[in-house]
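An overview of the molecular structure
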Amino acid sequence: MQKSELIMLDSPALSAAFPGKKPLERLFLGFLIVNTASTLCQNDPSEQWTGRQVSESLAYMVPTSEKTYSIYLSDTQLRVTLSADAFGLAVTSIVLARIAALNEPNADASRFRELREYVDQHPENALIWSVMTLGPHEDFISPSLIENQNNHSH
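Counting of residues starts from 1 at the beginning of each chain's written sequence and follows it residue by residue. Under the rules for a predicted model, residues below a pLDDT of 70 receive no local features and side-chain atom pairs below 80 are neither given nor counted, while totals for whole chains, interfaces and linings still include all residues. Calculated side-chain values reflect all of the structure's heavy atoms, with hydrogen atoms and water omitted.

Things to note about the packing of helix H4 (residues 107-121) against helix H5 (residues 125-132)
Each pair of packed helices can be summarised by the angle the axes make with each other and by the distance between the axes. Two elements in contact, H4 and H5, have axes whose closest approach is 8 Å; the angle formed by their N-to-C orientations is 135°. Taken together, H4 and H5 sit at an angle that is classed as oblique. In contact with Phe-112, Arg-116, Val-119 and Asp-120 of H4, H5 contributes Asn-125, Ile-128, Trp-129 and Met-132. Residues of the contact of H4 with H5, tallied by class, amount to five nonpolar, one polar and two charged. Axes here mean lines fitted to C-alpha atoms, for a helix over just the part in contact, with angles spanning 0 to 180 degrees between N-to-C directions. Where helices and strands are cited, they refer to DSSP runs of H or I of at least four residues and of E of at least two residues respectively, numbered from the N terminus. Every angle not falling under 35 degrees, over 145, or within 65 to 115 is termed oblique; those three ranges are roughly parallel, roughly antiparallel and roughly perpendicular. We call two residues in contact whenever any of their non-hydrogen atoms come within 4.5 Å of each other. Classification used: nonpolar for Ala, Val, Leu, Ile, Met, Phe, Trp, Tyr, Cys and Pro, charged for Asp, Glu, Lys and Arg, polar for all others including Gly.

Here you go:
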């Protein structure tokens, strides 16, 4: 994808994946989805995204193209290839983790926990976990997916 092209996110799907968010918050979340997808798949992220409903209260974003996505994380030299579904699940989970970390325990954190449980059931769960973390089932996101680590207070 050329840098001048846009990535289009389905607005109702974005609302389903991140319910209860105001329009400006959804705009920011859309940016995070695009930024995370572009960081993971620098060569050719999908141009259009839609939603995939897991349950009545849980959904995630997924690229409409059914191709595979080659992921590279520079900090760990990790290279994996994910299906469109697994790529979308990883991207949405990473975004949920980022926003859940900004707030006190709330619906975002709960939704992230639910999505993590769903990742465990996915056929590509080991690959998804390897993209999301530095090692299988560690509780933090790979540093290459976080732009500015100085904003976190521990």
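Moving on, there is more to tell.
Structural notes on the nonpolar core
Only buried Ala, Val, Leu, Ile, Met, Phe, Trp, Tyr and Cys residues count toward a nonpolar core, and they belong to the same one when joined by side-chain atoms within 4.5 Å. We call a residue buried when its accessible area falls under 20% of the maximum for its residue type, exposed when it is over 50%, and partly exposed in between, using a 1.4 Å probe and counting protein chains only. Core analysis: the biggest nonpolar cluster contains 39 residues, and Phe-18, Ile-33, Leu-40, Ile-71, Leu-82, Phe-87 and Val-131 have the highest contact counts within it. Elements that contribute at least two residues to this core include exactly helix H1 (11-17), helix H2 (23-40), strand S3 (58-63), strand S4 (69-73), strand S5 (78-82), helix H3 (84-102), H4 and H5. For this core, the leading source of residues is H3, giving 11 residues. With residues near it in sequence (within four places) discarded, Ile-33 still touches Leu-9, Leu-14, Phe-18, Trp-49, Met-61, Val-91, Thr-92 and Val-95.

A word on the environment of Leu-115
Take Leu-115: it is sitting in helix H4. Its relative accessible area of 0% is what places Leu-115 among the buried residues. Between the C-alpha atoms of Leu-115 and Tyr-60, which are 55 residues apart in sequence, the distance is 8.2 Å. Those residues within four positions of Leu-115 in sequence are excluded, and the remaining contacts are Leu-58, Tyr-60, Leu-89, Thr-92, Ser-93 and Leu-96.

Digging into the packing of aromatic side chains
To pair, rings of Phe, Tyr and Trp, with the six-membered ring standing in for Trp, must have centres within 6.5 Å; the planes then decide the type, stacked if under 30 degrees apart, edge-to-face if over 60, and tilted in the middle. Enumeration over the complete set of coordinates arrives at three aromatic pairs. A network of ring pairs unites the aromatic residues Trp-49, Tyr-69 and Phe-87 as a single cluster.

Points about H4
Taking 1.5 Å of rise per residue, the 15 residues of H4 would be expected to cover 21 Å, and the 21 Å separating its terminal C-alpha atoms lies within 8% of that figure. Within H4, burial applies to Asp-108, Ala-109, Arg-111, Phe-112, Leu-115 and Val-119. In a view along the axis of H4, the buried residues occupy a sector of 155°, so they form one face of it. Facing away from the buried side of H4 by more than 90 degrees, the exposed set consists of Glu-117 and Gln-121. To estimate the expected span of a helix, subtract one from its residue number and multiply by 1.5 Å. As used here, the arc belongs to the directions running from the helix axis to the C-beta atoms.

Overview of the sheet that holds strand S1 (residues 8-9)
In a beta sheet, neighbouring strands pair by backbone hydrogen bonds and run either parallel or antiparallel. Spatially, S1-S2-S3 is the arrangement adopted by the three strands of the open sheet, whose pairing is mixed. Strands with a single pairing partner mark the edges of an open sheet, and in this sheet they are S1 and S3. Pairs of strands are assigned from DSSP output, requiring at least two bridges between the strands. Direction of pairing for S1 relative to strand S2 (residues 48-55): parallel, over a ladder of two bridges. Looking at the pairing, Met-8 lines up with Gln-48 of S2. Contacts from H4 reach S2 and S3, with the element oriented near 65° to S3.

Looking at the pairing of S4
Side-chain alternation along S4 places Tyr-69, Ile-71 and Leu-73 on a buried face and Ser-70 and Tyr-72 on a face that remains uncovered. With five bridges joining them, S4 and S5 adopt antiparallel strand pairing. In the sheet register, Tyr-69 faces S5, and the bridge partner there is Leu-82. Where S4 folds back on S5, the antiparallel hairpin that results is connected by four residues, among which Gln-77 adopts a positive phi of roughly 60°.

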